[in-house]
Amino acid sequence: MKKKWNFLGAMLAMAAGMTAQTHSLDVNTSKVGGAIPKTMYGIFFEDINYAADGGLYGELVKNRSFEFPNHLAGWDISGKVSLKDDGPFKKNPHYVRLSPSGHNDKHTMIENHGFFGMGVKGGEEYRFSVWARVPDGGTAKLWIDLVDNATMGDDQKLGNTGVEVSGKEWKKYTAIIKPKTTFAKAHLRVWGDAKVTTDVEHVSLFPVDTYKGHENGMRKDLAESLEQLHPGVFRFPGGCIVEGTDLATRYQWKNSVGPVENRPLNENRWHYTFTHRYFPDYFQSYGLGFFEYFQLSEEIGAEPLPVVSVGLSCEFQNGSNRSDAHVPVDQLQPYIDDVLDLIEFANGDPATNQWAKLRADMGHPAPFNLKYVGIGNEQWGAIYPENLKPFVEQVRKKYPNIKIVGTSGPDSEGKEFEYLWPEMRKMGADLVDEHYYRNEAWFLGTPEAKQRWGNCGANRYDSYPRKGPKVFAGEYACHGAGKKWNHFNAALMEAAFMTGLERNADVVEMATYAPLFAHVEGWQWRPDAIWYDNLRKFNSCAYYVQQLYSLNKGTNMLSLTMNGKPVAGNPDQDGLFASAVLDKGTNEVIVKVVNTGDQPQEVTLNLKGMKGSHEAQLISFHSDNLTAENTLDEPEKIVPKTSTLTVNAPQQSVSIPARTFYIYKIKK
Ligand code: AHR
């Protein structure tokens, strides 16, 4: 008897599944809501996973100034090579002396390995440069080869050039090398003159074809990925690297500007965090420095958002009670001056301010129009508001229009979060930075997740106060439970969650996925938005979700409900999430629907305020395999696809396939 009931129950359930409920999505297109901030979807850059040197920054030579603690790290040497420390650049004093060995076949030379090798493309131009001199006077010849060490004989040489060095004074010499073939693991070899001692410093090799052609420029394909995100805001230079492992290694923006040869090396906060490399070589050359960050922001159309040290080094590494990791309030003035000077560097008048003059001397006399500054990264404890207060007072007094971004600690909830938000309100912060690296349940806001974490999922911001500081979701990503990589499902969870950001665009002013970049041979943290090796790249599924939101952010919110409730994964909403915006520029109603469930869902789109038939586009982002991801070999395995359709108003029936992110763009 029991068996029979179970069978009957199963039949009834199947029948119910077959005649699944049609959901009604009600979009009020005639009542235009608040504006979507232009900054809404942005990017967050941190030099983690070899994101700067070895990544976005176009330099191919590692340890170009011989300043790594092991001064010859990254270099092979042969013959008579000696290290000297009285070079022409005060902050990078080391260089090498190449002296003739006195034997015909015993050549003096140095060879750089690059970052995991150097990626060079056949037929393209690379700019070699070096600072050099002949200490005894006269002239000397340096021969430069790009080589493929895996090949024997003459074919080893991918390309070569030479420079003639003359005189006892240090000078910069440049030459172009054009490799004949493409190779991902090239080395750069510099041969010393067979007869004349020569000193060399700051040995550099860049592709000529950098992003926007800047000599000290960015790797083009990676910068283009950023540009194609159309980011509204660009947060830099980190993360934890802003704080440093200790105060001495915090990010100091003043060291990152001016001539690249004289920007001092800094250790990277992520230097010690590789699980597979216990003797790492992860330093910051600062070649990608604050001038380059501001310039890049401008070129990709994003508002710059620099983050500065609040006088607290990384609390993860040091705890909150170590006095040597914290600057006492009465000694904070140099740190505060760094912020005031930064604002001048970005916005000031070159005629009256030394930092603004430096900006002009570096090639940008016009201001960068800085509007935001983040003070502190993931700080916590009472020490943070104590330190922050004098920064806020002095910045407010001198620059009342600059918006200040405070932080709510490293978690999306909990003791520190609960403590810091009210503190930020009291302080009058303009925005509060929230970070959440959480699993699928958190992003879906399941009842279990709510029980564990409290406020999570797409309705997280529905209950936030509308007055006071705005939210900056400064770092977030779905870290799949047991599946920490860029699989499709993690991106789908983010898409579902982001409907809640969009619905609450009156309180969430900006949001930036994190981290941004990772080298496939040098990462220590994943998932990440964009992956690459020395020659290739792929945009992850998470990247495409960010791009879909950014390209379709619209200008104004529209109210959208399902059965009178926000579509935020309520149990009766069968895994559906949705939001709607109006784009006044294109006169389109844009409806985003995410079906996170494993069944297709029938939906009636009720477009209140519209009539007749309308041209529309449908963008679909889907993968049959939830754990699949894009890869270097298959970079476009999972990408959004666009089709056209006609939508009838006010009502149109649509079917949303299982595990799919759909965007309807309906001409009004
Ligand atoms: O994004 C990686 C790290 O995560 C950031 O540096 C830090 O802010 C957070 O803990």
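This structure is a prediction, so every number in the text was calculated from the model and none was measured.

**Considering the overall build of the chain**
For the chain, the count of helices and strands is 13 helices and 33 strands. Taken against the 2.2 N^0.38 rule, which gives 26 Å for 668 residues, the C-alpha radius of gyration of the chain at 28 Å falls within 12% of a compact globule. Contacts in the chain between residues at least 24 apart in sequence constitute 77% of all its contacts with a sequence separation of at least 6. When the accessible surface of the chain is totalled, it reaches about 26500 Å², and 52% of it is carbon and sulfur.

**A word on the site of the ligand**
Lining the immediate surroundings of the ligand are Phe44, Glu46, Gly239, Cys240, Trp270, Asn377, Glu378, His435, Tyr437, Glu475, Pro515 and Trp525. Taking Glu46, its side chain carries an N or O atom lying 2.5 Å from an oxygen atom of the ligand. For the ligand, the protein covers 96% of the area, taking 280 Å² as the surface of the free molecule. Taken together, the residues that form the shell around the ligand break down as six nonpolar, three polar and three charged.

**Here we look at the side chain of Asn377**
Within the secondary structure layout, Asn377 lies in the loop between strand E18 (372-375) and helix H8 (383-398). Among the residues examined, Asn377 registers a relative accessible area of 0% and is labelled buried. One polar contact links Asn377 to Arg235, side chain to side chain, over a distance of 2.7 Å. Apart from residues no more than four positions distant in its own chain, Asn377 is found in contact with Arg235, Gly239, Cys240, Glu243, Thr407, His435 and Glu475.

**Describing the layout of surface pockets**
The calculated volume of the largest pocket comes to roughly 420 Å³. Forming the boundary of the largest pocket are 20 residues, of which Lys172, Glu215, Asn216, Val260 and Glu292 lie nearest the centre. Those elements that provide at least two residues to the lining of the largest pocket are strand E8 (126-133), strand E11 (171-177), strand E13 (198-207) and helix H4 (290-300). Each residue belonging to the lining of the largest pocket can be placed in one class, and the counts come to five nonpolar, eight polar and seven charged. Estimated volume of the second largest pocket: approximately 340 Å³.

**Quick look at the pairing of strand E12 (residues 183-191)**
Here strand E6 (residues 109-112) pairs with E12 via four bridges, running antiparallel. Directly across from Met109, in E12, lies its bridge partner Trp191. Two elements, strand E7 (residues 118-120) and E12, share two bridges in a ladder whose sense is antiparallel. Each residue of the ladder has a partner; that of Met118, found in E12, is Ala186. Examined bridge by bridge, strand E9 (residues 139-147) and E12 share five bridges and lie antiparallel to one another. For Leu146, the partnering residue across the bridge sits in E12 and is Leu188.

**Here we look at empty space enclosed by the protein**
In the structure shown here, the tally under the stated rule is six cavities of 30 Å³ or more. Considering only enclosed or pocket space, the largest cavity measures out at about 170 Å³ in volume. In this structure, the largest cavity is lined by 19 residues; those nearest its centre are Asn63, Arg64, Phe68, Leu265 and Ser285. Across the lining of the largest cavity, the residue classes break down as eight nonpolar, five polar and six charged. Of the volumes computed, that of the second largest cavity is approximately 90 Å³. Lining the second largest cavity, in full, are Arg250, Tyr251, Gln252, Trp253, Val307, Val308, Ser309, Tyr335 and Asp338. Elements supplying a minimum of two residues to the lining of the second largest cavity: strand E17 (303-308) and helix H6 (333-347). Tallied by class, the residues present in the lining of the second largest cavity amount to five nonpolar, two polar and two charged.

**Notes on the sheet that holds strand E27 (residues 576-583)**
The sheet built from nine strands is open, its strands ordered E31-E30-E33-E28-E27-E26-E1-E29-E32 with mixed pairing. Of all strands in the sheet, those with a lone pairing partner are strand E31 (641-649) and strand E32 (651-656), marking the two edges. Each strand of the sheet is rotated relative to its neighbour by a mean of 25 degrees, with strand direction disregarded. Here strand E29 (residues 601-608) runs beside E32; their pairing, made up of six bridges, is antiparallel. Looking across to E32, one finds that Gln601 is bridged to Ile656. Sitting on the sheet, helix H13 (residues 541-551) touches strand E28 (588-595), strand E30 (612-622) and strand E33 (660-667), and the angle it makes with E30 is about 160 degrees.

**Some thoughts on the pattern of salt bridges**
Side chains carrying opposite charge are able to pair once their charged atoms draw close together. Per the counting criterion, the structure on display carries 32 salt bridges. We note a salt bridge from Asp338 to Lys254, for which the minimum N-O separation is 2.9 Å. Of this pair, Asp338 sits in helix H6 while Lys254 sits in the loop between helix H3 (240-243) and strand E15 (266-267), and the two are 84 residues apart along the sequence. Among the salt bridges present, the one from Arg396 reaches Asp430, with a minimum N-O distance of 3.0 Å. Residue Arg396 is found in helix H8, and its partner Asp430 is found in the loop between helix H9 (415-427) and strand E20 (431-438); the two are separated by 34 residues along the sequence. Of the residues examined, Arg396 reaches a relative accessible area of 25% and is grouped as partly exposed. Connected via shared salt-bridge partners are Arg97, Arg133 and Asp199.

**Thoughts on unusual backbone geometry**
The peptide bond linking Phe236 to Pro237 adopts the cis configuration, its omega dihedral lying at 0 degrees. Examined against the element boundaries, Pro237 turns out to sit in the loop between strand E14 (233-236) and H3. The step from Arg526 to Pro527 runs through a cis peptide bond, and the omega angle for that step is 5 degrees. Position of Pro527 relative to the elements: it lies in the loop between strand E23 (517-519) and strand E24 (530-532). A positive phi is found at Asn49, a non-glycine position, where the angle reads about 60 degrees. Summarising the element assignment, Asn49 is placed in the loop between strand E2 (41-44) and strand E3 (75-78). Residue Asn49 is classed as buried on the basis of its relative accessible area of 0%. For Asn587, which is not a glycine, the phi torsion comes out positive at approximately 55 degrees. You can see Asn587 is positioned in the loop between E27 and E28.

**What to know about the nonpolar core**
Phe45, Leu56, Tyr461, Leu501, Phe517 and Phe661 are the most contacted members of the largest nonpolar core, which totals 134 residues. Top contributing element to this core by residue count: helix H12 (residues 488-503), with 10 residues. If near-sequence neighbours (up to four positions away) are discounted, Phe517 is found in contact with Phe45, Ile48, Asn49, Ala51, Leu56, Leu222, Leu226, Asp528, Ile530 and Tyr532. Residues Val81, Ala132, Leu158 and Ala175 belong to the second largest nonpolar core, which totals 31 residues.

**Considerations on the state of the cysteines**
Evaluation of the coordinates by the stated rule reveals zero disulfides. Distance from the sulfur of Cys240, which forms no disulfide, to the nearest cysteine sulfur (Cys314) is 4.2 Å. Cys541 takes part in no disulfide bond, and the closest cysteine sulfur to it belongs to Cys478, at a distance of 12 Å.

About the criteria used
- The residue count restarts for each chain, going from 1 along the sequence in the order it is written.
- Given that this is a predicted model, residues contribute local features only at a pLDDT of at least 70 and side-chain atom pairs are listed and counted only at 80 or more, while totals for whole chains, interfaces and linings are drawn from all residues.
- By convention in this description, side-chain values take in all heavy atoms of the structure and omit both hydrogens and water.
- Counting from the N terminus, the helices are DSSP H or I runs at least four residues long and the strands are E runs at least two residues long.
- As defined in this context, the radius of gyration uses C-alpha atoms, and a globule is described by 2.2 Å times the residue total to the power 0.38.
- Note on contacts: a residue pair qualifies if any of its non-hydrogen atoms lie within 4.5 Å across the two residues.
- Per-residue and other accessible areas were derived by the Shrake-Rupley procedure at a 1.4 Å probe size, with only the shown protein chains allowed to occlude residues.
- We call a residue near a given molecule or strand whenever any one of its heavy atoms falls within 4 Å of it.
- Contacts described as polar in this section are N or O atom pairs within 3.5 Å, which, within protein, must combine one atom able to donate a hydrogen with one able to accept it, while residues neighboring in sequence count only if both atoms come from side chains.
- All residues other than Ala, Val, Leu, Ile, Met, Phe, Trp, Tyr, Cys, Pro, Asp, Glu, Lys and Arg, Gly among them, are scored as polar; the first ten of these are nonpolar and the last four charged.
- Partly exposed describes any residue whose relative accessible area lies between the buried limit of under 20% and the exposed limit of over 50%, with all areas from a 1.4 Å probe on protein chains only and scaled to the type maximum.
- Site definitions follow a grid-based scheme: protein atoms alone, a 1 Å grid, a 1.4 Å probe that fits but cannot get out for cavities, and for pockets an open set with protein on both sides within 12 Å along at least five of seven lines, plus lining residues having an atom within 4 Å of a point.
- Grid points are joined across faces, edges and corners, and a volume is the space filled by probe spheres set on the points.
- At least two bridges found by DSSP between two strands is the condition for calling them paired.
- Fitting a line to C-alpha atoms yields each axis, with helices limited to the stretch in contact; the angle taken between N-to-C directions then spans 0 to 180 degrees.
- The salt bridge criterion pairs a side-chain nitrogen of Lys or Arg with a carboxyl oxygen of Asp or Glu, the two atoms within 4 Å.
- Among buried residues, those of type Ala, Val, Leu, Ile, Met, Phe, Trp, Tyr and Cys that are joined through side-chain atoms within 4.5 Å constitute a nonpolar core.
- Disulfides are defined in this document as cysteine sulfur pairs within 2.5 Å.

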